[in-house]
Amino acid sequence: MTKGNSTKITDELYQYMLAHNPPLDEVQRGLVATTYEVFPDAAGMQSAEEQGPLLAFLVRLTGARHIVEIGTFTGFSSLSMAQAMPADGRLIACDVSEEWTAYAREAWAKAGVADRIDLRIAPALETLRAMPAEPHIDMAYMDADKQSQIAYWEELVPRLRPGGLLVTDNTLYHGQVLDPAATGGAAGVQAYNDHVVADPRMESVLLAISDGITLSRKR
Ligand SMILES: C[S@@+](CC[C@H](N)C(=O)[O-])C[C@H]1O[C@@H](n2cnc3c(N)ncnc32)[C@H](O)[C@@H]1O
């Protein structure tokens, strides 16, 4: 097996990469800073800075108007996607925390996209199961509790339109996917990755971006 020309991402190279991506806007930068200030212990859950422009790019690339997000936290990823959607698009954001998502609501309002986002505070599986069963979702972003990912996948895949895109975060789980004795979230991600690659309904690629991002397209 050949490894290709993989590049070790040093801090300097990471900054170079960010400098050659679209910059975060004022609301996005403010939200990232506030999250680290108010929730220093949880802030590491926020999608990485380069993922905002990447998600926006994917929204524009697919022309997505119906988006589902599983795992909203303080709103960085939902904000990035909602800003890239057409004004009549709709993003359903799933989370269980009123406290964290209060900051998301504030950022969405500041950015003028609050009317595009429908926040559902409930276990995401309940929210997904209550959605129409027919294929209508253009794009989904999965970034919540890792043990439930196969269940989320099984609810999302039939609801994705042909050509629809499912983006899953943390699919390398800090390298713990290699641990044969993995438990908890790491074991959830291992099982999920095996499930995804074996599903003939979807075409998937696992990319070594950030903590691993899998792009899955409905056939
Ligand atoms: C990694 S964070 C999401 C980060 C977010 N995408 C961002 O860019 O800031 C995971 C989120 O999933 C939420 N979560 C955990 N279990 C959940 C569940 N069963 N249903 C819905 N949300 C859940 C947590 O409350 C947390 O806000």
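The coordinates are above.
Source: prediction; values computed, not measured.

J.: Which parts of the structure should I look at to understand the pairing of strand 3 (residues 117-121)?
T.: Within a regular beta strand, the side chains point alternately toward one face of the sheet and then the other, so they alternate between its two faces. Two strands pair when backbone bridges link them, and strand 2 (residues 90-95) and strand 3 are joined in this way by 5 bridges, in the parallel orientation. Along strand 3, the bridge assignment pairs C94 with R120.

J.: What exactly am I supposed to notice about the environment of L165 here?
T.: Residue position: L165 is located in strand 5 (residues 160-169). What makes L165 buried here is its relative accessible area of 8%. With near-sequence residues (within four places) excluded, L165 lies in contact with L58, T62, D138, M139, A140, L160, L215 and S216.

J.: Help me out: how do you make sense of the pairing of strand 7 (residues 213-218) in this one?
T.: Most of strand 7 is tucked away, with 5 of its 6 residues classed as buried. Taken together, the 5 bridges between strand 5 and strand 7 define a ladder with antiparallel strand orientation. Note on strand 7: the bridge partner recorded for V167 is L215. Where strand 6 (residues 202-207) lies against strand 7, 6 bridges are found, and the strand directions are antiparallel. Pairing of E203 across the sheet is with R217, part of strand 7. Where strand 6 hands over to strand 7, the hairpin turn is made up of 5 residues, of which S210 adopts a positive phi near 50 degrees.

Parameters and conventions
Residues numbered from 1 in each chain as written. Predicted model: local features only at pLDDT ≥ 70, side-chain atom pairs only at ≥ 80, totals over all residues. Heavy atoms only, no water. Pairing = 2+ DSSP bridges. Helix = DSSP H or I, 4+ residues; strand = E, 2+ residues; numbered from the N terminus. Buried < 20%, exposed > 50% of the residue type's maximum accessible area, 1.4 Å probe, protein only. Contact = heavy atoms within 4.5 Å.

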